[in-house]
2 protein chains.
Amino acid sequence: MASRNRFFEVTRRGMSAVLAAFTAFAILLPGSGLSQTAVTSPFFCSNAAATEKAIVTFVERVTKQGSPDFVPPTERIATFDNDGTLWAEPPIYFQLAFALERVKVLAPLHPEWKDKEPFASLLKGDLKGALAGGEAAIFEIVTVTHSGMTTEEFDKIVRDWITTAKHPTTGKLYTEMVYQPMLELLAYLRGNGFKTFIVSGGGIDFMRVFADRVYGIPPEQIVRSSGNLAFELRDGRAILMKLPTFNFNDDKAGKPIGIQTHIGRRPIAAFGNSDGDLQMLEWARGGGGVRFALIVHHTDAEREWAYDRSSSIGRLDKALNAAQAEGWTVVDMKNDWKTIFPFGSK
Amino acid sequence: MASRNRFFEVTRRGMSAVLAAFTAFAILLPGSGLSQTAVTSPFFCSNAAATEKAIVTFVERVTKQGSPDFVPPTERIATFDNDGTLWAEPPIYFQLAFALERVKVLAPLHPEWKDKEPFASLLKGDLKGALAGGEAAIFEIVTVTHSGMTTEEFDKIVRDWITTAKHPTTGKLYTEMVYQPMLELLAYLRGNGFKTFIVSGGGIDFMRVFADRVYGIPPEQIVRSSGNLAFELRDGRAILMKLPTFNFNDDKAGKPIGIQTHIGRRPIAAFGNSDGDLQMLEWARGGGGVRFALIVHHTDAEREWAYDRSSSIGRLDKALNAAQAEGWTVVDMKNDWKTIFPFGSK
């Protein structure tokens, strides 16, 4: 365990760049002795030998030169859902929290909202009333807060919000509500030559503002739902306007479609937490050779939240059945994760 | 000129991997002396000092540590059109040549085509008659040849074709009809920390089959037009079916939209050859700081082809005006390129 602990201490001190540089260098020189020193340390702050072993065994099989299961680095594509997989999602999806706050900011420009649902309830502080309209209400709130500005203006709005807004339960920044074991898993996979992607039902322009800093995943490796855009020359300068219409819904069957359109390769590993991720996990598993599928099961009401088959957010029902039937790896957060968030737990 | 020649000889011998490894290593160690050894060799087999100097000056400005124009490697996004910019396009777009040949292969399964245009003319060998229907005819030919199979089946069809089909004029493989100076430009930019993307009006699944091998651009760095897909479980295995409907047209104003949706960063350099690339070039130029836009002007009827303002393929009219008005770099193929194709010229 000594070498494991040392690895975790190093990454926790923010020195993962050293590791990344070392590993990238090893990958660049496939013919040299250095290529034999692929990072094999496990990534979880984990009590769960079985879960940990499943991941490490998979990575060792696909990275070992000469192994029949060897996968070249270019094909080592790993896709991650975001909400509930990389960061928390209760009490409401964080991007929806952003949209609700934006409604309040924009209200003075929209006097008609006083008499129009879902805005009227929302502005009176009645969130339950505002969301009583279900998906249509949410769609309307997201639309008015995510369109009508240029992509660069939206980027600044998100940047200002994400650096200051606090989670209602923990009082932490939303970007602190990420799962420490998953950060280490991302680093571990990248250290073994994987290219990591986020494939999420949320809006593409929202997450790109901070995913590079928080997860080490650059904008071009984010596959998400997107609205339509319009190209314009404004005073001779090219801009893109965000339109109030929907282009692509990157959820459920939309996930493998988004992956194919964006990445063009079938992932060899996929990570999710809800029924919205089922098709992505099936897509990853459906390729030839060794494949890996993992589900994060929210089982820790004390340190995080506990929810699955009957939850309105992050429902995990069919995908849990599939995981059991197909033998996918299921993380039991309560028993498998020693640490939940970088700051500890809820 | 000695060092320039050596650089080109090395790349021509297929040893660009050595260069890439060296440069990547230099980038990984920004604090070391190695970071000062960024590759500054020019890339063109060029007689054109001015064109060459424009590119080299741009790259030196954005890569020099401490320079006010310095751009970090993550932001060094360069986007390239394909048809007419990276490979040739006369007498017809190569992907259309593929589609036409597929019609002949598929004809026995479609007896009704004997009496139905554009297929009837095409099967009689009357290409002009087949294409008399204009864009609608082309759209129909592309649709029937690019849908109705899984993404993996289509991949195999393209792979079989592209490794054997020959260009009607030169008798060379289509993948040999790439521009040697542009291959060197791609290597030069990547050697200086740029991430290179293809942004093309052609279909996304077609080019991904060979772009990695031919251009060193992996599938996930290709932004192109795409058809709709449908997720299915076939005998329990996840597949994606290619549907006969169009999803996204990555041409003209579609190019900056495709770039934003896929890459999420505004390119700092863009390369095209026709009016279909105008908006992409404007988008690249419209960002802050130093930006670079280049147009390949087909001026060499002898060694390649000569066409611009009145051509039905690769029309270069408005974009040429813009280049002149805005001071973009225009490559005069006849006078600027010593070599056209890796095998020489037409």
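Residues numbered from 1 in each chain as written. Chains lettered and ligands numbered in written order. Predicted model: local features only at pLDDT ≥ 70, side-chain atom pairs only at ≥ 80, totals over all residues. Heavy atoms only, no water.

**Regarding the pattern of salt bridges**
Next, step 1: Under the counting rule described, the total for this entry stands at 30 salt bridges over all chains.
Next, step 2: The salt bridge involving B:R265 is made with A:D212; its shortest N-O contact spans 3.6 Å. Taken as a pair, B:R265 in the loop between α12 (254-262) and β5 (269-272) and A:D212 in helix α11 (residues 211-215) lie in two separate chains rather than in one.
Next, step 3: With its nearest N and O atoms 3.0 Å apart, the salt bridge here joins A:R266 to B:E152. On the criterion of chain membership, the pair formed by A:R266 in the loop between α12 (254-262) and β5 (269-272) and B:E152 in helix α8 (residues 151-162) is interchain, its members lying in two chains.
Next, step 4: Judged by relative accessible area, A:R266 falls into the buried class, the value being 9%.
Next, step 5: A single network of salt bridges, built from pairs that share partners, joins A:E75, A:K195, A:R265, B:D212 and B:E220. (Salt bridge = Lys/Arg side-chain N within 4 Å of Asp/Glu carboxyl O. Helix = DSSP H or I, 4+ residues; strand = E, 2+ residues; numbered from the N terminus. Buried < 20%, exposed > 50% of the residue type's maximum accessible area, 1.4 Å probe, protein only.)

**Digging into empty space enclosed by the protein**
Next, step 1: A complete count under the given rule lists 1 cavity of 30 Å³ or more for this structure.
Next, step 2: Taken as a whole, the largest cavity holds about 30 Å³ of empty space.
Next, step 3: Lining the largest cavity are A:K195, A:F197, A:E220, A:Q221, B:K195, B:F197, B:E220 and B:Q221.
Next, step 4: Counting residues per element, the ones that place at least two in the lining of the largest cavity are β2 (195-203) of chain A together with β2 (195-203) of chain B. (1 Å grid on protein atoms, 1.4 Å probe; cavity = no way out; pocket = protein on both sides within 12 Å on 5 of 7 lines; lining within 4 Å. Points joined across faces, edges and corners; volume = space filled by probe spheres on them.)

**Points about the sheet that holds strand β3 (residues 222-234) of chain A**
All names here are of chain A.
Next, step 1: The strand order across the open sheet built from 7 strands is β4-β3-β2-β1-β5-β6-β7, with neighbouring strands paired in mixed fashion. The outermost strands of the open sheet, each flanked by one partner alone, are β4 (237-248) and β7 (329-332). Taking each pair of neighbouring strands and ignoring which way they run, the sheet shows an average axis angle of 30 degrees.
Next, step 2: The pairing of β2 with β3 spans 4 bridges and is parallel. Following the sheet pairing, S200 is matched in β3 by R224. (Pairing = 2+ DSSP bridges. Axes fitted to C-alpha atoms, helices over the stretch in contact; angles between N-to-C directions.)

**What to know about helix α3 (residues 49-63) of chain B**
Residue and element names in this part refer to chain B.
Next, step 1: In this model α3 runs 21 Å from its N-terminal to its C-terminal C-alpha over 15 residues, within 8% of the 21 Å that 1.5 Å per residue would give.
Next, step 2: Those residues of α3 that sit buried are T51, E52, I55, V56, F58, V59, V62 and T63. Summarising the axial view, the buried residues of α3 lie within an arc of 155 degrees, below the 170-degree limit, and thus occupy one face. Seen from the buried face of α3, the exposed residues on the opposite side, beyond 90 degrees, are A49, A50 and K53. (Expected span 1.5 Å × (residues − 1). Arc of directions from axis to C-beta.)

**So, the interface of chain B and chain A**
Next, step 1: Each partner contributes residues to the interface: chain B has 40 residues there, and chain A has 40 residues.
Next, step 2: Both faces combined, the contact of chain B with chain A buries some 3,300 Å², and carbon together with sulfur accounts for 59% of it.
Next, step 3: At the junction of chain B with chain A, the criterion picks out 8 salt bridges.
Next, step 4: Elements with a minimum of two residues in the side of chain B that touches chain A: α2 (16-28), α8, β2, α10 (204-207), β3 (222-234), β4 (237-248), α12 and α13 (278-285) of chain B. (Contact = heavy atoms within 4.5 Å. Buried area = accessible area lost by both parts, 1.4 Å probe.)

**Re the confidence of the model for chain A**
Residues and elements named next belong to chain A.
Next, step 1: Averaged over every residue, the pLDDT of chain A is 84; residues scoring 70 or more account for 86%.
Next, step 2: Across residues 1-42 the pLDDT falls below 50, and counting only partners more than four positions away or on other chains, this stretch makes 48 contacts in the model.
Next, step 3: Across the interfaces of the predicted complex, the ipTM metric reaches 0.83, alongside a pTM of 0.85. (pLDDT = per-residue confidence, 0-100.)

**Describing the sheet that holds strand β6 (residues 292-297) of chain B**
Residues and elements named next belong to chain B.
Next, step 1: Spatial strand order, β4-β3-β2-β1-β5-β6-β7: 7 strands in an open sheet with mixed pairing. Strands with a single pairing partner mark the edges of an open sheet, and in this sheet they are β4 and β7 (329-332). The average undirected angle you get between the axes of adjacent strands in this sheet is 30 degrees.
Next, step 2: Judged from the 8 bridges that link them, β3 and β4 form a sheet pairing that is antiparallel. By the bridge assignment, S226 is partnered in β4 with F248.

**Quick notes on the nonpolar core**
Next, step 1: The biggest cluster of nonpolar side chains holds 68 residues, and the ones touching the most others in it are B:F58, B:F80, B:W87, B:M182, B:L189, B:Y215 and B:F271.
Next, step 2: In terms of residues, this core owes the most to one element, helix α4 (residues 94-106) of chain B, which gives 8 residues.
Next, step 3: Among the nonpolar cores identified, the runner-up in size contains 67 residues, and A:W113, A:V178, A:V214 and A:Y307 belong to it. (Core = buried A, V, L, I, M, F, W, Y, C linked by side-chain atoms within 4.5 Å.)

**Observations concerning the side chain of A:R266**
Next, step 1: Of the polar contacts made by the side chain of A:R266, one reaches the backbone oxygen of A:W283; its length is 2.8 Å.
Next, step 2: A polar contact of 3.0 Å, which involves the side chain of A:R266, links it to the side chain of B:E152.
Next, step 3: Excluding residues within four positions of it along the chain, A:R266 makes contact with A:W283, A:A284, A:G286, A:G287, A:R291, B:E152, B:R237, B:A238 and B:I239. (Polar contact = N/O pair within 3.5 Å; in protein donor to acceptor, adjacent residues only side chain to side chain.)

**Details of the packing of aromatic side chains**
Given two aromatic rings, one states the distance between the centres and the angle between the planes to describe the pair.
All names here are of chain A.
Next, step 1: Applying the stated rule across the entire model yields 34 aromatic pairs over all chains.
Next, step 2: Measuring from ring centre to ring centre gives 5.7 Å for Y179 and F341, while their planes differ by 25 degrees; the resulting arrangement is stacked. Linking Y179 in the loop between α8 (151-162) and α9 (180-191) with F341 in the segment after α15 (333-336), this pair joins segments that are 162 residues apart in sequence. When sorted by exposure, Y179 lands in the same class as F341, which is buried.
Next, step 3: For the ring pair F341 and F343, a centre distance of 5.0 Å and an interplane angle of 15 degrees mean the geometry is stacked.
Next, step 4: Using a relative accessible area of 27% as the deciding quantity, one classes F343 as partly exposed.
Next, step 5: In this structure, K172 is placed above the aromatic ring of F343, and the distance from its NZ or CZ to the ring centre is 4.8 Å.
Next, step 6: Just above the ring of F154 sits the side chain of K242; from NZ or CZ to the centre is 4.4 Å. (Phe/Tyr/Trp six-rings, centres within 6.5 Å; stacked < 30°, edge-to-face > 60°. Lys NZ or Arg CZ within 6 Å of the ring centre and 35° of its normal.)

**Here's the deal with the relation of the copies chain B and chain A**
Next, step 1: Of the transformation superimposing chain B on chain A, the axial component is 0.0 Å and the angular component is 180 degrees, with the fit at an RMSD of 0.0 Å. Put plainly, the chains are arranged around a two-fold axis. (Least-squares fit on C-alpha atoms with pLDDT ≥ 70 in both.)

**Some words on the packing of α12(A) against helix α13 (residues 278-285) of chain A**
Residues and elements named next belong to chain A.
Next, step 1: Between α12 and α13, whose axes approach to 7 Å, the crossing angle comes to 50 degrees. The angle between the axes of α12 and α13 places the two elements in the oblique class. Side by side, α12 and α13 meet where K255, P256, I259 and Q260 of the first sit next to Q279, M280 and W283 of the second.
Next, step 2: For the contact of α12 with α13, the per-class residue count stands at 4 nonpolar, 2 polar and 1 charged. (Parallel < 35°, antiparallel > 145°, perpendicular 65-115°, else oblique. Nonpolar A, V, L, I, M, F, W, Y, C, P; charged D, E, K, R; others polar.)

**Structural notes on the side chain of B:T79**
Residue and element names in this part refer to chain B.
Next, step 1: With respect to the helices, strands and loops of the structure, T79 is situated in strand β1 (residues 77-80).
Next, step 2: Overall, T79 belongs to the buried group, its relative accessible area being 0%.
Next, step 3: Apart from residues lying up to four places away in sequence, T79 is in contact with F197, V199, I259, I263, P267, A269, A270, F271 and M280.

**Notes on the pairing of strand β1 (residues 77-80) of chain A**
Residues and elements named next belong to chain A.
Next, step 1: Burial along β1 is two-sided: the face carrying I77 and T79 and the face carrying A78 and F80 are both buried.
Next, step 2: Inspection of the sheet shows β1 paired to β2 by 4 bridges, in the parallel sense. Along β2, the bridge assignment pairs F80 with I198.
Next, step 3: Inspection of the sheet shows β1 paired to β5 by 3 bridges, in the parallel sense. Each residue of the ladder has a partner; that of T79, found in β5, is A270.

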